[in-house]
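Observations on chain architecture
Single-letter residue listing:
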Amino acid sequence: MIHILFSGNDKVVDGVMTCMLSILKRTKSTEPFCFYIFTMDATQIKEEYKPITDRMIAFLDRMAKEYHPQNCVIKKDVGALYKQEFANCPNEQCYCSPYTLLRLLADMVEGMPEKLLYLDVDVMFQHDIRLLYDIDVSNVEYAAANDHYGKYLIHPRYINAGVLLFNMKKVRETGLLKKARELIKTKKLVFADQSAIIRSTTKKKLIAQKFNDQKFLHKHTVVRHFSKRLFYLPYPHTDNIKQWHIDKMHKVFGYHQFDDILDEYCLKKKELEEE
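Residues numbered from 1 in each chain as written. Predicted model: local features only at pLDDT ≥ 70, side-chain atom pairs only at ≥ 80, totals over all residues. Heavy atoms only, no water.

Some words on helix α1 (residues 13-26)
Rule in force here: Put simply, DSSP marks the helices as runs of H or I at least four residues long and the strands as runs of E at least two long, and each gets a number from the N terminus on. The span expected for a helix works out to 1.5 Å for each residue beyond the first. Relative accessibility thresholds used throughout: buried, under 20% of the residue-type maximum; exposed, over 50%; partly exposed, between the two (1.4 Å probe, protein chains only).
When the terminal C-alpha atoms of α1 are compared, their 20 Å separation across 14 residues agrees well with the 20 Å that a helix rising 1.5 Å per residue should span. Counting buried positions along α1 gives 13 out of 14 residues, so the element sits mostly inside the fold.

Some details on the environment of histidine 3
Using the following cut-off: Here a residue-residue contact requires only that any non-hydrogen atoms of the pair lie within 4.5 Å.
Counting through the fold element by element, histidine 3 comes out in strand β1 (residues 2-7). Classification of histidine 3 by relative accessible area gives buried; the value is 15%. For the pair formed by histidine 3 and leucine 117, sequence separation is 114 residues and the distance between their alpha carbons is 6.3 Å. Contacts of histidine 3, omitting those with residues within four sequence positions, involve Cys34, Tyr36, Pro113, Lys115, Leu116, Leu117 and Tyr133.

Remarks on the side chain of aspartate 120
The test is simple: Counted as positive: Lys and Arg. Counted as negative: Asp and Glu. His and the chain ends are not counted at all. Between Lys or Arg on one side and Asp or Glu on the other, a salt bridge is scored when a side-chain nitrogen of the former is within 4 Å of a carboxyl oxygen of the latter. Between N or O atoms, a polar contact is any pair within 3.5 Å; within protein, one atom must be a potential hydrogen donor and the other a potential acceptor, and residues adjacent in sequence are included only when both atoms are from side chains.
Inspection of the secondary structure assignment puts aspartate 120 in the loop between β4 (115-119) and β5 (123-125). The buried charged residue aspartate 120 lacks any salt bridge partner; its closest oppositely charged side chain belongs to arginine 103, at an N-O distance of 4.2 Å. At 2.6 Å, the side chain of aspartate 120 forms a polar contact with the side chain of tyrosine 118. Contacts of aspartate 120, omitting those with residues within four sequence positions, involve Phe6, Arg103, Gly162 and His225.

What about the side chain of lysine 268?
Structurally, lysine 268 can be placed in helix α10 (residues 259-274). Dropping the residues within four chain positions of it, lysine 268 is found in contact with Met17, Phe59, Met63 and Glu66.

Comments concerning the pairing of strand β2 (residues 33-39)
As a general feature of sheets, a regular strand has side chains that alternate between the two faces. Inclusion rule: Pairing between two strands requires that DSSP report at least two bridges joining them. By the criterion used throughout, a crossover qualifies as right-handed when its path from the first strand across the helix to the second strand runs clockwise, the strands pointing away from the viewer.
Within β2, seven of the seven residues are buried, leaving the element largely enclosed by the surrounding structure. On β2, burial covers both faces: Phe33, Phe35, Ile37 and Thr39 on one face and Cys34, Tyr36 and Phe38 on the other are all buried. Relative to β2, β1 is paired through six bridges, and the arrangement is parallel. Residue pairing in the sheet places histidine 3 in a bridge with cysteine 34 of β2. One crossover worth recording links β1 to the parallel β2 by way of α1, and it is right-handed. As defined by bridge partners, β2 adjoins strand β3 (residues 72-77) across six bridges and the pair is classed as parallel.

Quick word on the sheet that holds β1
The condition is simple: Axis definition: a line fitted to C-alpha atoms, limited for helices to the stretch in contact. Angles are taken between N-to-C directions and run from 0 to 180 degrees.
Spatial ordering of the open sheet is given by β3-β2-β1-β4-β7-β6-β8, a layout of seven strands whose pairing is mixed. With one partner strand each, in any of the chains shown, β3 and β8 (204-207) form the two edges of the open sheet. On average, each strand axis in the sheet is tilted by 25 degrees relative to the strand beside it, whichever way the strands run.

Structural notes on a nonpolar patch on the surface
Defined as follows: Note on patches: the residues involved have over 30% relative accessible area and no salt bridge, like charges join within 9 Å, and the nonpolar side chains Val, Leu, Ile, Met, Phe, Trp and Tyr join within 5 Å. Residue burial considers only the protein chains on display, and all accessible areas are found by Shrake-Rupley using a 1.4 Å probe.
There is a patch of nonpolar side chains on the surface, built from Ile154, Val190 and Phe191 and spanning about 290 Å² of accessible area. With respect to the helices, strands and loops of the structure, valine 190 is situated in the loop between α7 (176-186) and α8 (192-200).

Quick look at unusual backbone geometry
At asparagine 88, a residue that is not glycine, the phi angle is positive and equals roughly 65 degrees. Residue asparagine 88 is classed as exposed on the basis of its relative accessible area, which comes to 72%.

Listed below in structure tokens is the structure:
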């Protein structure tokens, strides 16, 4: 079974659905998938920080089973662990949301597999996930690709934590996530969880940019990460175009490689809204 981890609140449904569909439609393997979603009620921080509902999980599970009867979507409510580890910490009001910290709890959650692929919800697979998932991580804590901007501005081996292929056995042995949690609890970090993971790493495998391409979509790109990026025209500015911003993605990027996936996403979203 191929094990995938997402995290977020009820606002990440568009991302989870589009990413899942890209995996299911682009992967030729007959091996089933297990999608885990870490979530929590964090309305004490912001009113809109509500957990993914059981109804939504059930819908995603039915969608996944249309591709393989053994596919499953499992919700993990990690609210109690979050309060235990991160409540009122210096990074709770970080640059994104407290939900990005949830992946740092993966070694504490029961039932997690030894090999686990964490994905930000704003990624799409152009090619078979096995090209990434089958990478050998037996002697490292995780595999990750460079951060597109960080490799120039910070360090040539600076990684982006939006796509992480974890060896959870090794992670527990070295205490990677435990050390990262301690940093989150004690130091204000520029990129919060990403900074904590990088600082806590004992041994990683740097993989090709095609497994987490944050700026371009080449023919060989396996994973396109729709993170915030810099545009130079008509004037220097940043924009945060996601894959579910379909019209804007077509207009700005000119991408049509995902149209079959996004067509199905639109149908599924309509089906969900009509339930």
